[in-house]
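Fold and contact review
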Amino acid sequence: MHRRSLLAASAASLALPGLASAQSWPTQPVRLVVPFAAGGPTDVPARLIAEEMSRAMPQRVIVENRTGAGVVVGTEVIAKASGDGHNLLYSTIAHAVMRPLFPRLPFDPVKDFTPVALVGVVPMVLMVNKEIPARNLQELVALLKANPGKFDYASAGNGSALHLAGELFLKLGGGLKVNHVPYRGSAAAYPDVLNGTIAMIVDVAASAVPFVQKGELRALAVSGKARSPLMPDVPTFAEAGMPDYEAYTWHMVFAPSSTPAPLVQTINAAFNKAVAVPSVKQRLEELTINVISDSTPASAAAFLTSEMEKWEPILRDAGIKVE
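I will try to describe carefully the structure that is included in this document. (Residues numbered from 1 in each chain as written. Predicted model: local features only at pLDDT ≥ 70, side-chain atom pairs only at ≥ 80, totals over all residues. Heavy atoms only, no water.)

**Observations regarding the nonpolar core**
- In terms of nonpolar packing, the biggest core is built from 111 residues, with Leu 140 and Phe 169 touching the most fellow members.
- In contact with Phe 169, not counting residues within four places along its chain, are Leu 126, Leu 137, Leu 140, Val 141, Leu 144, Leu 176, Met 200, Phe 237, Met 242 and Tyr 245. (Core = buried A, V, L, I, M, F, W, Y, C linked by side-chain atoms within 4.5 Å. Buried < 20%, exposed > 50% of the residue type's maximum accessible area, 1.4 Å probe, protein only. Contact = heavy atoms within 4.5 Å.)

**Examining the environment of Ala 208**
- For Ala 208, the position within the fold is in helix H8 (residues 205–213).
- Residue Ala 208 is classed as buried on the basis of its relative accessible area, which comes to 0%.
- C-alpha separation for the pair Ala 208 and Thr 296, spaced 88 residues apart in sequence, amounts to 30 Å.
- Apart from the residues lying within four places of it in its own chain, the contact partners of Ala 208 are Val 125, Met 127 and Tyr 190. (Helix = DSSP H or I, 4+ residues; strand = E, 2+ residues; numbered from the N terminus.)

**With respect to the packing of aromatic side chains**
- Here the structure, examined in full by the defined rule, presents 5 aromatic pairs.
- Residues Phe 237 and Tyr 245 carry aromatic rings whose centres are separated by 3.9 Å and whose planes lie at 20° to one another, so their mutual orientation is stacked.
- Phe 237 gets classed as buried once you look at its relative accessible area, which sits at 1%.
- Among the residues examined, Tyr 245 registers a relative accessible area of 3% and is labelled buried.
- Relative to Phe 303, the ring of Trp 250 lies with its centre 5.6 Å away and its plane at 85°, an arrangement referred to as edge-to-face. On the criterion of sequence distance, the pair formed by Trp 250 in strand S9 (residues 248–256) and Phe 303 in helix H11 (residues 297–318) is long-range, its members being 53 residues apart.
- Taking relative accessible area as the criterion, Trp 250 reaches 0% and is therefore assigned buried.
- An aromatic cluster is present here, built from Phe 107, Phe 113 and Phe 254 joined pairwise through their rings. (Phe/Tyr/Trp six-rings, centres within 6.5 Å; stacked < 30°, edge-to-face > 60°.)

**Considering the environment of Ser 299**
- Relative to the elements of secondary structure, Ser 299 occurs in helix H11.
- Measuring from C-alpha to C-alpha, the distance between Ser 299 and Ala 37 comes to 28 Å, with 262 residues separating the pair along the chain.

**Observations concerning the packing of helix H7 (residues 186–195) against H8**
- Direction vectors running N to C along H7 and H8 enclose 30°, while the axes themselves pass 12 Å from each other. In terms of their interaxial angle, H7 and H8 are classed as roughly parallel. Crossing hand, H7 versus H8: right-handed. Together, Ser 186, Tyr 190 and Leu 194 of H7 and Ser 207, Ala 208 and Phe 211 of H8 make up the contact between the two elements. (Axes fitted to C-alpha atoms, helices over the stretch in contact; angles between N-to-C directions. Parallel < 35°, antiparallel > 145°, perpendicular 65-115°, else oblique. Left-handed = near helix turned anticlockwise from the far one by under 90°.)

**Comments concerning H8**
- Within the span of H8, buried status applies to Ala 205, Ala 208, Val 209, Phe 211 and Val 212.
- In this structure, the buried side of H8 is in contact with strand S4 (113–129), H7, strand S7 (200–204) and strand S8 (217–222).

**Side note on the pairing of strand S5 (residues 152–155)**
- Of the strand pairs in this sheet, S5 and strand S6 (residues 179–182) are connected by 4 bridges, and their pairing is parallel. Among the inter-strand pairings, Ser 155 is bridged to a residue of S6, identified as Pro 182.
- This β-α-β element, S5 to helix H6 (residues 161–172) to S6, shows right-handed connectivity.
- Bridge count for S5 against S7 is 2 bridges, and the pairing is parallel. Across the sheet, the residue bridging to Tyr 153 is Met 200, located in S7. (Pairing = 2+ DSSP bridges. Right-handed = clockwise from strand over helix to strand, strands pointing away.)

**Digging into the pattern of salt bridges**
- Per the stated rule, a full pass over the model turns up 11 salt bridges.
- Residue Arg 99 is joined to Glu 312 by a salt bridge in which the shortest nitrogen-to-oxygen separation is 2.8 Å. With Arg 99 in helix H4 (residues 98–101) and Glu 312 in helix H11, this residue pair connects regions lying 213 residues apart in the sequence.
- Through salt bridges with shared partners, a single ionic network connects Arg 31, Glu 64 and Arg 66. (Salt bridge = Lys/Arg side-chain N within 4 Å of Asp/Glu carboxyl O.)

Structure representation (structure tokens):
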């Protein structure tokens, strides 16, 4: 009995620092690193959430944009930061595909991080130039099968969410042969998709909506489980005949792996509370993010694992990497 009591006391003493930090957090401004450019589709939601959290807490949450080498530079900042709860990462599906893309990473995207909260998922939309003679998804698949290597599709760069979504479509379409043309962001790709130099693009809904609503591009399918209220006439991939297609980007908060579990739970609750605020939730939904306000560290970790198991083989099989 005495030995068990000593072990229990030892375990309790080890847990006390984590509990204490969870109860007092935050004691200083919280740095939320976004490894993407300011004003972009990842930065804007991060700032909305940070502003709401700053209103609700005694310390501010400050967004810090750290770009470079894809998302490697900004991600490394948090991988090597203190796990005291004041250093967090706000990233996307890019985190799930780092290992095959960057063979010589200065950190481990799994071992060096603890998922804190899955903020939401962002549907993708498959669009074609208006002159492409395909009015629906099945017609597009038939056209591409009949013309292997004749058409091109655009992405926001090697290993981007758009690239992954395009490769998954080609795979599920039966190994379609379509040339990948990477651009420096989707905005740079649209002129060529609009003028017909590029036949198609799969992009996040927020970027796709203006082109679809104006009739400048033809949307054939959206990757959500339900149709987008902003594009009610566009069927889901399942409705269009490709039920196994699931491609999203997503937004997730990470902490350094040294962050104590009680503190991770406290930070998770703060993010969930912020995204559940009606005005914040509405704004995020206007940015076409399907908000998740009941995420747990465990569910976020399980989601990350499933995404890595899904996308890493696709990148490796296609030989996609960034040197």
